[in-house]
Amino acid sequence: MTLASLNLQPVLPEIVLAAMACLILLVDPFLPKRGPTVSFVLSILTLIALFVITLVQMDDSVRMSFGDMVVNDPMADLMKLVVYVLVAAVFVISRTYLRQRGIDKGEYYMLGLFGVLGMMITISSNHLLLLYLGLELMSLALYAMTAFKRDDGRASEAAMKYFVLGALASGILLYGMSLLYGVTGNLMLTAIAETVAAGEDSMALKAAVVLIVVGAVFKMGIAPFHMWLPDVYEGAPTAVTLYLAAAPKVAALALVMRLLVDGMGPLFYDWQPMLIVVAMLSMAIGNVVAIAQTSFKRMLTYSTIGHVGFILLGVLAGTNEGYAAALFYTIAYAVMTIGGFGIILLLARQGFEAESMDDLKGLNDRSPVMAFVFLLLMFSMAGIPFTFGFWAKLAVLQSIVGVGLWWLATFAVVTAVIGAFYYLRAVKMVYFDKPEDTSPIQADVNVRGVLILSGASMLIFGLYPTGLTALTAGAFGL
Amino acid sequence: MITEWLSPVIGWMSPSWQYFVVHLLLTLVIVLPIVVAVAYLTLAERKVIGYMHVRIGPNRVGPRGMFQPFADVFKLMFKEVITPTVANKFIFYLAPVLILVAALVAWAVIPFDDGWVLADINAGLLYVLAIGAAGVYGVILAGWASNSKYALLGGMRSAAHKVAYELAMGFALVGVLMVAGSLNLSEIVRGQEGSILHWYWLPLLPMFVVYFVSGVAETNRAPFDISEGESEIVAGFHVEYSGIAFALFMLAEYASMILISALTAVMFLGGWLSPFQGTFLEPVFAFVPGIVWFLLKISFLLFVFIWFRATFPRFRYDQIMRLGWKVFIPVTILWIAVEGAFFYFEVGPWF
Amino acid sequence: MSLYQILFYVFASVAVLAAIRVVTVKNPVHAALYLVLTFFSTALIWILMEAEFLGIVLLLVYVGAVMVLFLFVVMMLDVNIAPLREGFIRNLPVGVFVALVMIIELALILGPASFGLDIYPSPEPAPADAGNTLAIGQVLYTKFVYPFEIAAFILLVAIVAAIALAHRRRPGVHYQDIDAQVRVRAEDRVRIAELDADKTRRGDVAGDSKANQDKETS
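The model shown is predicted, which means the values in this text are computed figures rather than measured ones. (Residues numbered from 1 in each chain as written. Chains lettered and ligands numbered in written order. Predicted model: local features only at pLDDT ≥ 70, side-chain atom pairs only at ≥ 80, totals over all residues.)

1. Comments concerning the overall build of chain B
Item 1. A count of helical and extended segments in chain B gives 14 helices and zero strands.
Item 2. Traced from its N-terminal end to its C-terminal end, chain B shows the element sequence α-α-α-α-α-α-α-α-α-α-α-α-α-α.
Item 3. For chain B, the C-alpha radius of gyration of 21 Å lies close to 20 Å, the compact-globule estimate for 351 residues.
Item 4. Each principal axis of the C-alpha atoms in chain B carries an extent, and together these give about 60 × 60 × 45 Å.
Item 5. In chain B, buried positions account for 43% of the 351 residues.
Item 6. Relative to all contacts within chain B whose residues are 6 or more apart in sequence, the contacts with residues 24 or more apart total 77%. (Helix = DSSP H or I, 4+ residues; strand = E, 2+ residues; numbered from the N terminus. Rg over C-alpha atoms; globule rule 2.2 N^0.38 Å. Buried ≥ 20, exposed ≤ 12 C-beta atoms within 10 Å, placed from the backbone. Contact = placed C-beta atoms within 7 Å.)

2. Describing the overall build of chain A
Item 1. In terms of regular secondary structure, chain A is built from 20 helices and two strands.
Item 2. Radius of gyration (C-alpha) of chain A: 21 Å, near the 23 Å computed for a compact globule of 478 residues.
Item 3. If you line up chain A on its principal axes, its C-alpha atoms span 65 × 60 × 40 Å.
Item 4. Intrachain contacts of chain A at a sequence separation of at least 6 include 80% that bridge at least 24 residues.

3. Here we look at the interface of chain A and chain C
Item 1. With 31 residues of chain A at the interface, the matching set in chain C holds 19 residues.
Item 2. With nine residues, helix 5 (residues 128-146) of chain A is the single largest residue contributor to the side of chain A that touches chain C.

4. Section: the interface of chain B and chain C
Item 1. With 21 residues of chain B at the interface, the matching set in chain C holds 18 residues.
Item 2. Of all the secondary-structure elements, those providing two or more residues to the side of chain B that touches chain C are helix 6 (124-134), helix 7 (136-145), helix 8 (149-180) and helix 14 (317-345) of chain B.
Item 3. Tallied by class, residues from the side of chain B that touches chain C come to 16 nonpolar, three polar and two charged. (Nonpolar A, V, L, I, M, F, W, Y, C, P; charged D, E, K, R; others polar.)

5. Digging into the environment of Phe 315 of chain B
Residue and element names in this part refer to chain B.
Item 1. With respect to the helices and strands, the residue Phe 315 is situated in the loop between helix 13 (290-311) and helix 14.
Item 2. Remark: the alpha-carbon pair of Phe 315 and Ile 226, spanning 89 residues in sequence, is separated by 7.4 Å.
Item 3. Once residues within four sequence positions are removed from consideration, Phe 315 is found in contact with Pro 223, Phe 224, Ile 226 and Ile 320.

6. Quick word on helix 3 (residues 15-52) of chain B
All names here are of chain B.
Item 1. Between its first and last C-alpha atoms helix 3 spans 54 Å; for 38 residues at 1.5 Å apiece the expected length is 56 Å, and the two agree.
Item 2. For helix 3, the set of buried residues is Val 38, Leu 41 and Leu 43.
Item 3. Structurally, helix 3 contributes buried residues whose contacts are with helix 4 (68-78), helix 12 (243-268) and helix 13.
Item 4. Where helix 3 terminates, the next one or two residues include Val 54, which has phi positive at roughly 60°. (Expected span 1.5 Å × (residues − 1).)

7. Here we look at unusual backbone geometry
Item 1. The phi dihedral of Asn 220 of chain B falls on the positive side, at around 60°, and the residue is not glycine.
Item 2. Structurally, the position occupied by Asn 220 of chain B is in the loop between helix 10 (205-218) and helix 11 (230-233).
Item 3. Its identity as a non-glycine residue notwithstanding, Glu 50 of chain C has a phi of 65°, on the positive side.
Item 4. Tracing the chain through its elements places Glu 50 of chain C in the loop between helix 2 (28-48) and helix 3 (52-76).

8. Quick notes on the confidence of the model for chain B
Item 1. When pLDDT is averaged along chain B, the result is 82, and 96% of the positions lie at 70 or above.
Item 2. Overall fold confidence for the complex sits at a pTM of 0.84, while the interface term, ipTM, reaches 0.89. (pLDDT = per-residue confidence, 0-100.)

9. Overview of the packing of helix 17 (residues 388-402) of chain A against helix 18 (residues 406-432) of chain A
Residues and elements named next belong to chain A.
Item 1. Packing of helix 17 against helix 18 brings their axes to within 8 Å, and their N-to-C directions diverge by 155°. What the angle tells us is that helix 17 and helix 18 run roughly antiparallel. Between helix 17 and helix 18 the crossing geometry is right-handed. Contacts from Lys 393, Leu 397, Ile 400 and Val 401 of helix 17 reach helix 18 at Trp 406, Leu 408, Ala 409, Ala 412, Val 413 and Ala 416. (Axes fitted to C-alpha atoms, helices over the stretch in contact; angles between N-to-C directions. Parallel < 35°, antiparallel > 145°, perpendicular 65-115°, else oblique. Left-handed = near helix turned anticlockwise from the far one by under 90°.)

10. Points about the nonpolar core
Item 1. Counting residues in each nonpolar core, the largest one holds 203 residues, and the members touching the most others are Leu 117, Leu 137 and Tyr 329 of chain A.
Item 2. Among the elements that take part in this core, helix 14 (residues 320-347) of chain A stands out by supplying 20 residues, more than any other.
Item 3. The residues contacting Leu 137 of chain A, other than those within four sequence positions of it, are Phe 114, Leu 117, Gly 118 and Ile 121 of chain A together with Ile 150, Phe 153, Ile 154 and Val 157 of chain C.
Item 4. One finds Phe 92 and Ala 255 of chain B together with Ala 43 and Tyr 62 of chain C within the second-largest nonpolar core, a separate group that totals 120 residues. (Core = buried A, V, L, I, M, F, W, Y, C linked by C-beta atoms within 7 Å.)

Written out as structure tokens, the structure reads:
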């Protein structure tokens, strides 16, 4: 094989992104010190360019390249598009927050872009090695971003926890992968699936499944491996929390899909029970513990844990409808989460972090528009009918009912109802409590714009979900 | 060949044990001359620096001071070895041995002449690098185990600057590897066959300089001897050593000087090849065995080592770091790219 | 037992014992040194298994660079291990239990039943002149070029992250500009003044020395 015979076109988005990230890396130090406006603009332009490239390349076929290591299927394309949009939104919304805290540096955008590169590689990998490298590239960028406010003790602690536990999770995942390789003699996920389907069955294979599930679940932050998540999300600067909570979840779903469905699909009955247990735990812990939180940021984190449990429901259904529902839910979750943590950015100002629940009180008196956006977001997270979140929950529940898991669906509904309590409590605070702080909201147009978009999408996709449903269904050939 | 020659004595052993015994003997054949060479290198150093300073140097023991090294060795051997009470004894005595081992084992892959090599392994260059890397520990551990602030400072400085220069050295070796297309040291020498212009010093001139200077730094020789730095930290990492333990450090230092010279000769100066190849003088000097050319080249490089010491003042720590990280590493990386271009355009007889 | 097996068992047991000592010794420098020993024995095992490139690179990278920096840091730290040991006895039973369960499970899974010679026969020994450096290089730059480049990006991100987190510009600190120092020429520093030996022309001499003083203070 020579360089000329390599088909580089399928990885064109990755190459463009890598080149642009390096360009920004080189350009940034030579720019005036007032702020990385050029890096920011270049990052956004890069993401737009990637969006266009991926959109042009998108079709219904499965395109393999690099000796079948890289796979570009409709799922990968859709996920990548979602990642670009989410990251661009995060970059736009976090600009002011970063500047006010003196951490608006080019490295934030660079690391963010490298994180996107890691996500893209994870999303379209058909090879254990590539999957792992993509995951590590993403994780490394995330660790660094968490510690970005390096003089802040909480952020450093969060980064430390994230790094140590992330490394542990990587270790477990790698151990599982190495066992899988040992048993099947192959790193290619599709080839592994063939070997496994051909009747390869041993204790070692089962151990590999366990380790891989644990590792992947650890990385996703699903109970009972969720302990790091609240501390990390709370400790990180809110702008970074936004990044952490949104796009990487899409990549995490891709990780689970590639490993469990593509690679170990024939072992469905081995991993399904495990996922049922962790999904149930996650939904229960996420939704119950969130009630007890006094910090809004922490409450949203627990709500994340609950949502991710729901996403897993779609995966463990084991049908294409289920996978499509999981993807739909992930997109809905990511958009909601940007809105949710975005509210914290809205209320924050120089020298003040609006992390407590009390800071939400009386938002309606201070800004009725934002209060309404908040209402939409919370309704959507709770799954109130005719919001984005409702259709997401419905799709997931339909898919597990479709495979006969009635009892699991019932359990999920119960936890969702419990969860609705604290979302509605937050809405009550916004509309019916007196504000403790009556100063006008200072947030600039970036924050407001993204929040309004996020709130509007709750409504738009709530009333017309069919378009996105068709897209996610199309990603799995439905 | 040696196996057959020794067969009356060791013929009763199984082949793998015969191999073991023969190689043990060959190891001695290499190591003993090195030790003697070290002894006379110390004398040569004192003499050469003496003449450079316009004085005579040692001239009392034996004719023209010829037995001075033996006097030094016996003095060191009969001196008391003092162990600091707070030192970590095991590591304290392990450290000089580690340095010495690192300085000696790399000789296993050095070709003295065509086919005259103890272990003709394919990954010879990598092996040399790895052994060099392991050699750092002796200095660091000596510095730490002495439990003395000067020693610790010396060890720290050494750790920092060795890591920096090892990188530059590694990159320089990548350059050699690219031209030679092999990691086997004998193959590298054979690749330089032709004439003095075919040797790799010419296409790899920056690498040659970087490698040799990094070699000077790696061996803790002046002007890079900050880990000893007697004007600031007394004697650095070996301040607490005395007697034979100190002698081991000296032995190791001079042995690694010879090693670096030998490696430079093999990789850049055509190893055992005659410098008159391809000229009308080639038949005239055909009777000279390759090993003589090799030893001459080593001697020349050793002279340069000593010359450096007599000429340059000691670098300061930050200057050493700057030279390593900001000059040598970029230069070598750049030259690797240039070599790529040379390859593409097939420049000269080398590519 | 053949020489090969003897060597294998020696290296393997040294590796395992050293690895155990890494976590049991009290002194962090000793722990780091035991880790070096573990790497070293592992590298030797790899070389026995005909993976000489990997073995030597393990020595080069981990023993030669990573562990040196480790030692560098550990030696500088005065780690007080007493607080680290708090709760050791309290947590010991749980730890031992979990460790035992894991050891037993892994032994069951990884034992000869799953990976024995009858299931995975040992490969043919490579011929004496085979080197895997070339082989690794060839697949690394062709088949695995994409993962290889991604690994490079991981390192790049690590560098960016380390510099972003650790580099700070302290105001008011004077750095030497070595490039400027090196570029300096004699004319910039020394001015050869033509001095007249005639003492009657004092005024000129004074003027010269004043000019020199100006030069120095600037």
